[in-house]
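Each chain, letter by letter, is given below.
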Amino acid sequence: MPNLKKNRYVAYLALYILYLLQAFLGLIARIQQFIDTRNRKDIFIALTILYAGFIFFLSSRSDLSIPASIFKIPLMYELAYILEGLGLAYFIDIAEYAHQNMDKIAHMILYFGLGILLHLTFRNSENVILRRYAAIFAFSLGIIYGITDEIHQSFVPGRTASMHDLLANGIGLTIAQILFVILILVNLQRKKGKYNRE
């Protein structure tokens, strides 16, 4: 019985994290809609600095751990049975790999978020070069921050600097930039198709 309660609390925690992420993305969408370009730039700079500070805070914690029981939620077992029934068992392998390397997944997710904010900051810059090459600047600055973060972790008791963590950071940053490039290309294609129809 205590295990079911524990799993329920973990499920609620995951749900609340998803709600927070949805609220954060909604906030960014509203900011982009209602604020002019000059203010948008300042807001994205502030959000990026706050987010980088959040990463710094997490790196400063020596007792930081991710609950391993999240994959023991009964819903996860049901999902695994459904995937096996559909012939998609390789998703279970991916989930098991993610479970065994939770810290690397956490690094990827955190730096994916940083990559998004950095890209939006550079994309809304007044400098034409920063706007045009936002993906390159976002990736470069994100990697530099990741290196300094790993150096910082080497001074925290119970934490170590790791090239694997830096690689996970780079993967998260890269995925964010690829996502933006795809969105930009899709938008350009849509505009081109609209122009051709007119």
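Here, the structure is the one placed above.
Report follows, based on the coordinates. (Residues numbered from 1 in each chain as written. Predicted model: local features only at pLDDT ≥ 70, side-chain atom pairs only at ≥ 80, totals over all residues. Heavy atoms only, no water.)

Concerning the pattern of salt bridges
Inference 1: Tallying each qualifying case throughout the model produces three salt bridges.
Inference 2: The partner of lysine 41 in a salt bridge is glutamate 126, with the nearest N and O atoms 3.6 Å apart. With lysine 41 in helix H2 (residues 37-60) and glutamate 126 in the loop between helix H5 (102-123) and helix H6 (128-132), the pair connects residues that are 85 residues apart, well separated along the chain.
Inference 3: The exposure class of glutamate 126 is exposed, given its relative accessible area of 56%.
Inference 4: One salt bridge in this structure joins aspartate 165 and lysine 104, with 3.0 Å as the shortest N-O distance. Taken as a pair, aspartate 165 in helix H8 (residues 163-197) and lysine 104 in helix H5 lie far apart in primary sequence, 61 residues in all.
Inference 5: When salt bridges that share partners are traced, they join Lys41, Asp42 and Glu126 into one network. (Salt bridge = Lys/Arg side-chain N within 4 Å of Asp/Glu carboxyl O. Helix = DSSP H or I, 4+ residues; strand = E, 2+ residues; numbered from the N terminus. Buried < 20%, exposed > 50% of the residue type's maximum accessible area, 1.4 Å probe, protein only.)

So, the nonpolar core
Inference 1: Counting residues in each nonpolar core, the largest one holds 17 residues, and the members touching the most others are Ile28, Leu114 and Leu120.
Inference 2: For this core, the secondary structure elements donating two or more residues are H2, H5, helix H7 (134-153) and H8. (Core = buried A, V, L, I, M, F, W, Y, C linked by side-chain atoms within 4.5 Å.)

Observations concerning the packing of H5 against H7
Inference 1: For the pair H5 and H7, the least separation of the axes is 9 Å and the interaxial angle reads 135°. Judged by the angle between their axes, H5 and H7 are oblique. Here the hand of the crossing between H5 and H7 comes out right-handed. Counted together, His107, Tyr111, Leu114, Gly115, Leu118, His119, Phe122 and Arg123 of H5 and Ala134, Ala135, Phe137, Ala138, Leu141, Gly142, Tyr145, Gly146, Asp149, Glu150 and Gln153 of H7 form the full contact between these two elements.
Inference 2: Classifying every residue of the contact of H5 with H7 gives 10 nonpolar, six polar and three charged. (Axes fitted to C-alpha atoms, helices over the stretch in contact; angles between N-to-C directions. Parallel < 35°, antiparallel > 145°, perpendicular 65-115°, else oblique. Left-handed = near helix turned anticlockwise from the far one by under 90°. Contact = heavy atoms within 4.5 Å. Nonpolar A, V, L, I, M, F, W, Y, C, P; charged D, E, K, R; others polar.)

Focus: H7
Inference 1: Its 20 residues give H7 an end-to-end C-alpha distance of 28 Å, which sits within 8% of 28 Å, the value for a rise of 1.5 Å per residue.
Inference 2: Every buried residue belonging to H7 is among Ala134, Ala135, Ala138, Gly142, Gly146, Asp149, Glu150, His152 and Gln153, and all of these are buried. Down the axis of H7, the buried set is contained in an arc of 145°. They therefore lie on one face. Exposed side of H7, more than 90 degrees from the buried face: Ile136 and Ile144 are the residues found there. (Expected span 1.5 Å × (residues − 1). Arc of directions from axis to C-beta.)

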